[in-house]
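Per-entry structural report
Spelled out, the chains give:
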Amino acid sequence: MHPHLLQTISLPLRVITIIIIATPISLCEPDERYLSCSKSFECGNIQNITYPFWGVNRPQYCGYPGFHLDCSGDAPVIKISEVAYQVLEIKSMSRVHLISTEYTDNICSIPPVNSTFDSDRFSYASNTKNIMLYYGCPTIPSQFLPTLGLSYQFNCNISRTDMVGYYLTRNLSMSATGSFAANISSYLESCNHSVLIPAYESAVRSIESHPTAANLTNALHRGFWLQWTANDSLCNKCKFSGGQCGYNTDTSKFTCYCQDQPYATTCKKESYRWEYKLIKDETEETIKKMVTVGLWCVQTNPLDRPSMTKVVEMLEGSLQFLQTPPKPFLYSPTTSLETNLTASTSRACALSQKESGMAAIS
């Protein structure tokens, strides 16, 4: 091979070598857990739900314990302390809007189910208040009704047994005093069942003026809001570094799943720098474009090599518009060299004749 030819193609070859070395191995073979946790949960109107929730197409390690979602019909359902709740909305600010499926259509749940929440994971939002439901109660004498916060009597048939029920929206000490409050409390304490149901504060206040069973059902249909805690600050750091949030059930610790491997909190810079600045989530297509452009750059004929402006356009454009380059010669084509020499000689002779003619005239 001619020395000048080696010098001509050495720079493009270096460019290709740098491209190949700079492409992380993790981009070619992403970690399976990273790919799985990149998928979002979708069910009905609830879309693009990720950590801390898991379920359906998101494996358990992609979420946090206690945040499993099922897709029941057109709405997701979450179980908290063995009680099923329909998910109405999920906010990015660690808030979830729920409604108890036990009381969706009927306040006479069979059997009555209490709403309790793990305080390590969930807490009431500021606009959520409790309603206490009582079943199997003695009839409260009419002289104690109405009392602010205490409902009128409603009837239920639970397990083929007729029951008298009431509900309470506030502490009796706030609406009754002395023996009056004590008498009402004694009646309620003798009820067979009592359950706690959360509801919107505004809904609770609205039914106090008309405390009927129908108004209670309407209030419960509005649901309530919970706030959650699930290593949210660690997840923010993980996502910022290019990872996917998850949980290692073996170690019971938060895990950041990255393209190359899992890490405790964040991905290494090398594992995400190229993802954001170069490949933009189109790893395979981008690598193909780099190889194609590199092959154009090693063409032995200088006229076939693209300019740097053209190279940028090719890399930023679509792969489908890139033409396949011809195979580069490993020697200088004789025909092309002779043609170039002949053309150069002709141009030199013409210029010489022109200069001689001008000299004769002067």
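These figures come from a predicted structure and were not determined experimentally. (Residues numbered from 1 in each chain as written. Predicted model: local features only at pLDDT ≥ 70, side-chain atom pairs only at ≥ 80, totals over all residues. Heavy atoms only, no water.)

Next up on the list: the confidence of the model for the chain. Overall, the predicted model of the chain reaches an average pLDDT of 78, with 76% of residues at or above 70. Low confidence marks residues 272-281, where pLDDT is under 50. Its contacts with residues over four positions away, or in another chain, come to 19 contacts. For residues 331-362, every residue scores under 50 in pLDDT, and the model assigns this stretch 3 contacts once sequence neighbours within four places are set aside. (pLDDT = per-residue confidence, 0-100. Contact = heavy atoms within 4.5 Å.)

Another aspect to go through is the pairing of strand E5 (residues 83-91). Bridge analysis of strand E4 (residues 75-80) against E5 gives 4 bridges, and the strand direction is antiparallel. Paired with Lys79 across the two strands is Ala84, which belongs to E5. Following E4, the chain reverses through 2 residues before pairing antiparallel with E5; Ser81 in that reversal takes a positive phi of roughly 55°. With 6 bridges joining them, E5 and strand E6 (residues 95-100) adopt antiparallel strand pairing. Looking at the pairing, Lys91 lines up with Arg95 of E6. (Pairing = 2+ DSSP bridges. Helix = DSSP H or I, 4+ residues; strand = E, 2+ residues; numbered from the N terminus.)

What follows covers the pattern of salt bridges. With the rule as written, the count across this model stands at 5 salt bridges. Here Glu208 ties to Arg205 by a salt bridge, and the two come within 3.6 Å at their closest N and O atoms. The exposure class assigned to Glu208 is buried, which follows from its relative accessible area of 13%. Through salt bridges that share partners, Arg170, Arg205 and Glu208 make up one connected network. (Salt bridge = Lys/Arg side-chain N within 4 Å of Asp/Glu carboxyl O. Buried < 20%, exposed > 50% of the residue type's maximum accessible area, 1.4 Å probe, protein only.)

The next point concerns the state of the cysteines. If you walk through the whole model with that rule in mind, you get 7 disulfides. Sulfur-sulfur distance for the disulfide between Cys238 and Cys256 comes to 2.1 Å. Here Cys238 and Cys256 share a disulfide; its torsion about the S-S bond, 85°, makes the bridge right-handed. Note that Cys238 is positioned in helix H7 (residues 232-240) and Cys256 in strand E14 (residues 253-257), a separation of 18 residues in sequence. For Cys238, a relative accessible area of 0% gives the class buried. (Disulfide = S-S within 2.5 Å.)

With that settled, the discussion passes to the environment of Asn215. When you line up the elements, Asn215 lands in helix H6 (residues 213-221). By relative accessible area, which is 25% here, Asn215 ends up partly exposed. A C-alpha to C-alpha distance of 9.7 Å links Asn215 and Val204, two positions 11 residues apart in sequence. When neighbours within four sequence positions are excluded, Asn215 is seen to be in contact with Ile207 and His210.

What follows deals with the sheet that holds E4. Neighbouring strands of a sheet are bound in pairs by backbone hydrogen bonds; such pairs are parallel or else antiparallel. The 6 strands lie next to each other as E3-E4-E5-E6-E12-E7, forming an open sheet whose pairing is antiparallel. Pairing within the sheet leaves two strands with one partner each, and these edge strands are strand E3 (69-72) and strand E7 (122-124). Within this sheet the neighbouring strands show an average axis-to-axis angle of 45°, counted without direction. Here 4 bridges tie E6 to strand E12 (residues 224-228), and the two strands are oriented antiparallel to one another. Directly across from His97, in E12, lies its bridge partner Trp225. (Axes fitted to C-alpha atoms, helices over the stretch in contact; angles between N-to-C directions.)

With that settled, the discussion passes to the sheet that holds E14. As summarised here, the arrangement of the 3 strands in space is E13-E14-E15, forming an open sheet in which the pairing is antiparallel. Sheet topology places strand E13 (244-248) and strand E15 (262-263) at the edges, where each strand pairs with a single neighbour. On the sheet, H7 packs against E13 and E14 and is oriented at approximately 15° with respect to E14.

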